[in-house]
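Chains, contacts and geometry: an overview
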Amino acid sequence: MSLFARTSHRPLSLSFSRAFSSTPTHNMRVVPVLNQSDNYAYLVIDDKTNQAAAVDAYDVPKVQSAAEREGVTIAASITTHHHHDHSGGNKDLKAAYPDIPFYGGSEKPFGITKVLKHEDEVGLGERIKIRTYATPCHTKDSLAWFLEDKAQEQRGVLTGDTLFTAGCGRFFEGDAHMMNHALNEVLASLPKDTIVWNGHEYTKSNVAFAASVEPENADVQRLRDYANSHASTVGKFTIGDELKHNPFMRLKSPAIQKATGETNEVKVMAKLREMKNSFRG
């Protein structure tokens, strides 16, 4: 049985109460590895087996160094979408680990051995289950990767460039309807305590924009205070938090509808993206 063997489809459980944690004593950990200036790669680690999946490992030596520090073996690769700043390390990773499975949402990234679709499931180590959710818009092959250790009641989601802290990706291969579906139907349906691990450190600019369209939102101000005092914000906020401070997940907010001049949710999404594209605050 391979490390990332397919498992049977199971519905998501909303009954868990413990938030996902990167505490080393827990069974599932996510370790961010900063690539380039603001890109994140990750190691998803099953502590029980010391096996790890490398996520968007653009800078392979950095990811390998992180794996060595953590005392884990890279046993699989995950590519969130095909853009070069996320998949550009696949060739080097494949050369270093020719026998591990390479997972992605299409065959566009180099080296993909298994294309996963909406609600496919794979496993890592002994306890971690990973379910993929199709979130096309930024790219057509964008997947969100929901991580869960049911025994420890831990959960997180790798969102690539679809969902950022207080923001979302540009609509390079999709439109506002697709992003609204990805954020507000697919990702918003995950358990609210699901920790978000995204692809870039964009929080300062994102929260500045959020404050410009919803200036009275106290959750936005709290996030702004946090971002101003912390260089890294990944893995610190949940899906529940995003529903409170992310304007792209708050399309029904009267303040945001007033700022965009729209009330239809898809039109609000389109206008927000247009405004954010030119925002210089």
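Further up the page is the structure itself.
Summarised in this report is the structure supplied together with it. The structure presented is a predicted model; accordingly, all values stated were derived computationally and were not measured.

Okay, the overall build of the protein chain next. A tally of regular secondary structure across the protein chain gives nine helices and 13 strands. Its C-alpha atoms give the protein chain a radius of gyration of 18 Å, within 12% of the compact-globule value 19 Å for 281 residues. Each principal axis of the C-alpha atoms in the protein chain carries an extent, and together these give about 55 × 35 × 35 Å. Out of the 281 residues belonging to the protein chain, those deemed buried represent 54%. Accessible area of the protein chain: about 11,800 Å², with a carbon and sulfur share of 49%. The positive charge centre, built from 33 side chains, and the negative charge centre, built from 34, are 2 Å apart in the protein chain.

Attention now moves to the pairing of strand E9 (residues 143-149). Counted residue by residue, E9 has seven buried out of seven residues, so it is predominantly covered. Neither face of E9 is open: one carries Leu143, Trp145, Leu147 and Asp149, the other Ala144, Phe146 and Glu148, and all of them are buried. Taken together, the seven bridges between strand E8 (residues 128-134) and E9 define a ladder with antiparallel strand orientation. The residue bridging Tyr133 from the neighbouring strand is Ala144, located in E9. Here E9 runs beside strand E10 (residues 154-160); their pairing, made up of five bridges, is antiparallel. Bridged to Asp149 within E10 is Gln154. Counted between consecutive antiparallel strands, the loop separating E9 from E10 contains four residues, among which Glu153 sits at a positive phi close to 55°.

In this structure, the largest pocket spans a volume of roughly 260 Å³. Along its surface, the largest pocket is lined by 18 residues, and Phe164, Cys168, Arg170, Tyr202 and Arg273 are the ones closest to its centre. Residue composition of the lining of the largest pocket, by class: five nonpolar, seven polar and six charged.

Turning our eyes to something else, we now look at the sheet that holds strand E13 (residues 195-198). Read across the open sheet, the five strands follow the order E7-E8-E9-E10-E13; overall the sheet is mixed. Two strands bound the open sheet, and with one partner strand each, they are strand E7 (121-124) and E13. Strand after strand, the sheet turns through a mean of 25° between neighbouring axes, direction not considered.

What counts and what doesn't
Residues take numbers from 1 onward in each chain, read along the sequence in its written order. Local features in this predicted model are restricted to residues of pLDDT 70 or higher, and side-chain atom pairs are both shown and tallied only at a pLDDT of 80 or more, whereas totals for entire chains, interfaces and linings draw on every residue. As a convention, hydrogens and water are excluded, and side-chain values are obtained from all of the structure's heavy atoms. Put simply, DSSP H or I for four residues or longer makes a helix, DSSP E for two residues or longer makes a strand, and each gets a number counted from the N terminus. Using C-alpha atoms as the atom set, the radius of gyration is obtained and then compared with a globule rule of 2.2 Å times the number of residues to the power 0.38. Partly exposed describes any residue whose relative accessible area lies between the buried limit of under 20% and the exposed limit of over 50%, with all areas from a 1.4 Å probe on protein chains only and scaled to the type maximum. Shrake-Rupley sampling with a 1.4 Å probe provides the accessible areas, and residues are treated as covered by the protein chains on show and by no other component. For the purpose of charge, His is not counted, nor are the chain termini; Lys and Arg are scored as positive and Asp and Glu as negative. Charged side chains are reduced to one point each, which is NZ for Lys, CZ for Arg, CG for Asp and CD for Glu. Two strands make a pair as long as DSSP finds a minimum of two bridges between them. Only protein atoms enter the 1 Å grid used here, on which a cavity is any set of points holding a 1.4 Å probe that cannot leave and a pocket is any open set flanked by protein within 12 Å on both sides along at least five of seven lines; residues with an atom within 4 Å of a point are listed as lining. Grid points are joined across faces, edges and corners, and a volume is the space filled by probe spheres set on the points. Residue type decides the class: Asp, Glu, Lys and Arg count as charged, Ala, Val, Leu, Ile, Met, Phe, Trp, Tyr, Cys and Pro as nonpolar, and the leftover types, Gly among them, as polar. Whenever a helix is involved, its axis is fitted only over the stretch in contact; in every case the axis is a line through C-alpha atoms, and angles between N-to-C directions fall within 0 to 180 degrees.

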